[in-house]
Structure formats: structure tokens, C-alpha cells
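Descriptive analysis of the structure
Here is how the chains run, residue by residue.
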Amino acid sequence: MTQQSPSNGEVHVPVLLEEVVAGLAITQGDTIVDGTFGAGGYARALLGAGAGRVIGFDRDPDAIANGPSLVPDSRLTLIEERFSQMEQALRERDLLPVDGVTLDIGVSSMQLDQAERGFAFSNDGPLDMRMSQSGQTAAEFVNEADEAEIARVIREYGEEPRARKVAQAIVAARPLSRTAELAAVVRKALGHHAGMKSDPATRTFQAIRIHLNAELDELEAGLRAAERSLRAGGRLAVVTFHSLEDRIVKRFLRERSGATPAGSRHRPMAASGPAPSFTSVAKPLSPSDRELARNPRARSARLRTAVRTDAPAWDQERAA
Ligand SMILES: C[S@@+](CC[C@H](N)C(=O)[O-])C[C@H]1O[C@@H](n2cnc3c(N)ncnc32)[C@H](O)[C@@H]1O
């Protein structure tokens, strides 16, 4: 997701909304997990499509606190928790198995727009970037990590080719406390001029946010938790915002549906592995031209859907 806010006054414009609802093939009374409640755009549409119950997870306490006013509906249950922990949370409430799970990966416009959350360089604020509002802050990371670690994070999670140069500049400029300061350091290191297609600080901000919130580990664990939580015939719909995330979903569904090439160097013959736990893995969907005209922010979004088989989940719950 980019740093722009919705221009139409909505708190967060849901992305690929119609496609997600269609992909979950709701039938009256279904119980659906919305693992990334955010501003409740998906939850509202799922209830409107006939879901009997939506369980909304979010790790951000603000999203959970605002939820009842954004989606005032007694069929909505909100849980402040990471989606990787959904199986345990659903079991405690006697809600297993569920008919559908959706994940909409990334940050919400509500988070980006609040300068004090420190996610956006266009909105000067303290260097924070923690979705759950606990744990290491972005300021602690940039001021305390060694240069090699900062470079690794920026290279791996930001896919920034000049990560070492950025890391050197950050270390030379320490201590940093504001998002605008960090953005200025990155722009100076990489060169910045008006009219550039994207701000050079975008990749560094994305990288630090992904690192602090362990977002890629969460996504992998969330997919496995969904696999353990869905009934046979239940559906999974996952929206991602960049290639690092999409690759994880693609690989997971390819592997779990038995489509990983048999006999590859890294994996023995598929036939000898566990039975496929997902089927009907659809081609990824991108936003329509109509959606992009309304919401250019959605341009890199991808939706992947699949249907759970009756085979056991491939691995047991892992303590997080
Ligand atoms: C892109 S927004 C979701 C927007 C939502 N679909 C809507 O229509 O309003 C992502 C939300 O997921 C939350 N989130 C991100 N990672 C999470 C995780 N691992 N567990 C739970 N919530 C998470 C963020 O705090 C944010 O509120």
C-alpha cells in the first residue's frame, strides 16, 4: 500500500472487495474469519452477503476499539490478536471449524494517516511503526541495530538495491526520532528530485515496518493457522500488496495443492508427501480498471483463493 490516503473521505477503501466476497462464496449463516479487520470494510460486506457471523481479528488495539462504531452489528465478534493465533482463539470460543478465512495483508489507511503511529513519511511523526503498539519501535531499531543488520532488513524486506548506502547514511545520522528525519536521510543517500515516480524512502519505510512487525513470518503462520481452522470445502481468500507477500501465498498454495513440481532437487516426489489440503487454487486476481480509476492505491494488490480439502492440515499448531 502506498502512503496516500483515500480521497473520498472514507477511513479505508477496501481493496478487491467484490472479488474477496465472491471468492469466499458465502452461503447464508456462514462463519467467516476476517483476520485483518482494519476499518471493517470486508467484515461489513461479508455480513451484507449473508454471513451469519464474522470473527474480526486485528493486532492493533485501535482497530478493535473503533470496530463496533464502524460495523455496528451483533453478528460481529472482534478479537485483538494476531491472525497467526486464530486457531487457538477460535477453539477457546468453540468456533472451529469455520467456513471461510480472509486476510488483507498490510497497513490500513487509518494507521498511515495517524502521524503519531509513525508509519508514513509524508506525515511527520515519531518513528514508531508498531501495529500492535508494543515491542521494538522503529526509532529503537534505526538507532540501536548495527549497520549490517539495517542493510539486511532494507535489502530483504524493501528490495532496495542500494541498501548498504542507506544503512551507512542512517548510522551516520543517528540518533533519529522522526519519520521526516529518516525520510530526508534516505532521500539524500539515494538522490531525490521532484517528479520522481516514487519516493526513494518508500522501500526503506516498507522494510522497517515489515521487519518490526515480523509481517512475513506472520503471513506464513497465518496461512497454516487458516489451514487448521477451515472445514473441508471452506474457502481461503488472501489479498497481498507486494511481491514478497504474494510469493509466500503462491508457494503455500502451490505446495498444499500438490502442484510443487514432483522430484525437484529440493523436494521429493509429490506423490510421497501429505495429501493436498487445498484445491481449486485460482489464478491471482488484480483490481479491475474500474477499481483502479477509483482507487489507484490498489494497483499492486493481488487476490489468491483456494478451497480446503478434507485432508489433514500438513503441520501441527506451533507455539508462537
Ligand atoms: C489492509 S488493513 C485491512 C483493511 C480491511 N480489509 C478493511 O476493509 O478495512 C490491514 C489490517 O490488518 C492488521 N494486521 C496486520 N497484520 C496483522 C496480523 N498479523 N494479525 C492481525 N492483524 C493484522 C493491521 O493492523 C490493519 O489494521
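Keep in mind that what you see is a predicted model, and the values were worked out from it rather than measured.

Before going further, it helps to spend a moment on the overall build of the protein. Each helix and strand counted, the protein has 13 helices and seven strands in total. For 320 residues, the compact-globule formula gives about 20 Å, and the C-alpha radius of gyration of the protein, at 20 Å, lands near that figure. The C-alpha extent of the protein, read off along each of the three principal axes, is 55 × 50 × 40 Å. Taking the contacts inside the protein whose residues are at least 6 apart along the sequence as the reference set, 67% of them involve residues at least 24 apart. Accessible area for the protein stands at about 14,600 Å²; split by element, carbon and sulfur atoms hold 48% of it. Taking the 41 positively charged and 43 negatively charged side chains of the protein as two groups, their mean positions are separated by 6 Å.

Reading across the sheet, the seven strands line up as β3-β2-β1-β4-β5-β7-β6 and stay open at both edges, with mixed pairing between neighbours. The open sheet has two edge strands, β3 (76–80) and β6 (278–279), and neither has a second partner. Sheet topology places strand β1 (residues 31–34) next to strand β4 (residues 98–104); three bridges connect them, and they run parallel. In the strand pairing of β4, Ile-32 is matched with Gly-100.

Once that is clear, we can look at the environment of Val-307. Here Val-307 is to be found in strand β7 (residues 302–308). Once residues within four sequence positions are removed from consideration, Val-307 is found in contact with Gly-233, Gly-234, Arg-235, Ser-277, Phe-278, Thr-279 and Ser-280.

Here the focus is the nonpolar core. By size, the foremost hydrophobic cluster in this structure holds 62 residues, and its most contacted members are Met-86, Ile-170, Leu-223 and Leu-236. The leading source of residues in this core is helix α10 (residues 201–212), at six residues. Setting aside its immediate chain neighbours within four residues, Met-86 contacts Val-33, Phe-57, Val-101, Leu-103, Gly-222, Ala-225, Ala-226 and Ser-229. The next biggest cluster of nonpolar side chains, apart from the first, holds 22 residues, and it includes Val-15, Val-20, Tyr-42 and Ala-43.

Now for the pairing of β1. Residues Thr-31 and Val-33 point to one face of β1 and Ile-32 and Asp-34 to the other, with burial holding for every one of them. Here four bridges tie β1 to strand β2 (residues 53–58), and the two strands are oriented parallel to one another. Across the sheet, the residue bridging to Asp-34 is Gly-56, located in β2.

Turning next to the confidence of the model for the protein. Averaged over every residue, the pLDDT of the protein is 92; residues scoring 70 or more account for 92%. Below a pLDDT of 50 lies the segment residues 1–8, which in the model reaches 23 contacts outside its immediate sequence neighbourhood of four places, other chains included.

Moving on, we come to the pattern of salt bridges. Overall, the coordinates contain 22 salt bridges when judged by the stated rule. In this structure, Glu-87 and Arg-228 form a salt bridge, with 2.7 Å as the shortest nitrogen-oxygen distance. Highlighted residues: Glu-87 in helix α4 (residues 86–92) and Arg-228 in helix α11 (residues 215–229), separated in sequence by 141 residues. In this pair, the class of Glu-87 matches that of Arg-228, namely buried. Taking the shortest distance from any N to any O, the salt bridge between Arg-304 and Asp-246 comes out at 2.7 Å. With Arg-304 in strand β7 and Asp-246 in helix α12 (residues 243–256), this residue pair connects regions lying 58 residues apart in the sequence. For the pair shown, Arg-304 and Asp-246 are each scored as buried. Each of Arg-224, Glu-227, Glu-255, Arg-256 and Asp-315 takes part in one network of salt bridges that share partners.

Looking now at unusual backbone geometry. Working note: non-glycine residues mostly have negative phi, and peptide bonds are mostly trans. With omega at -10°, the peptide bond leading from Leu-96 into Pro-97 counts as cis. Among the structural elements, Pro-97 can be located in the loop between α4 and β4. Going from Arg-174 to Pro-175, the amide bond is cis rather than trans, its omega being 5°. Although it is not a glycine, Leu-16 sits at a positive phi angle of roughly 50°. Summarising the element assignment, Leu-16 is placed in the segment before α1 (17–24). Residue Leu-16 is classed as buried on the basis of its relative accessible area, which comes to 0%.

Take the site of the ligand next. If you check the shell around the ligand, you find 23 residues, and the closest are Asp-58, Phe-83, Asp-104, Gln-111 and Glu-218. Here an oxygen atom of the ligand and a backbone polar atom of Gly-41 are 3.2 Å apart. Within the contact set of the ligand, a nitrogen atom lies 2.8 Å away from a side-chain nitrogen or oxygen of Glu-218. Structurally, the ligand is housed in the second largest pocket. Tallied by class, residues from the shell around the ligand come to seven nonpolar, nine polar and seven charged.

Rules behind the numbers
- Residues numbered from 1 in each chain as written.
- Predicted model: local features only at pLDDT ≥ 70, side-chain atom pairs only at ≥ 80, totals over all residues.
- Heavy atoms only, no water.
- Helix = DSSP H or I, 4+ residues; strand = E, 2+ residues; numbered from the N terminus.
- Rg over C-alpha atoms; globule rule 2.2 N^0.38 Å.
- Contact = heavy atoms within 4.5 Å.
- Areas by Shrake-Rupley, 256 points an atom, 1.4 Å probe, with all protein chains shown as cover.
- Lys, Arg positive; Asp, Glu negative; His and termini not counted.
- Charge placed at Lys NZ, Arg CZ, Asp CG, Glu CD.
- Pairing = 2+ DSSP bridges.
- Core = buried A, V, L, I, M, F, W, Y, C linked by side-chain atoms within 4.5 Å.
- Buried < 20%, exposed > 50% of the residue type's maximum accessible area, 1.4 Å probe, protein only.
- pLDDT = per-residue confidence, 0-100.
- Salt bridge = Lys/Arg side-chain N within 4 Å of Asp/Glu carboxyl O.
- Near = heavy atom within 4 Å.
- Polar contact = N/O pair within 3.5 Å; in protein donor to acceptor, adjacent residues only side chain to side chain.
- 1 Å grid on protein atoms, 1.4 Å probe; cavity = no way out; pocket = protein on both sides within 12 Å on 5 of 7 lines; lining within 4 Å.
- Sits in = over half its atoms within 2 Å of the grid points.
- Nonpolar A, V, L, I, M, F, W, Y, C, P; charged D, E, K, R; others polar.

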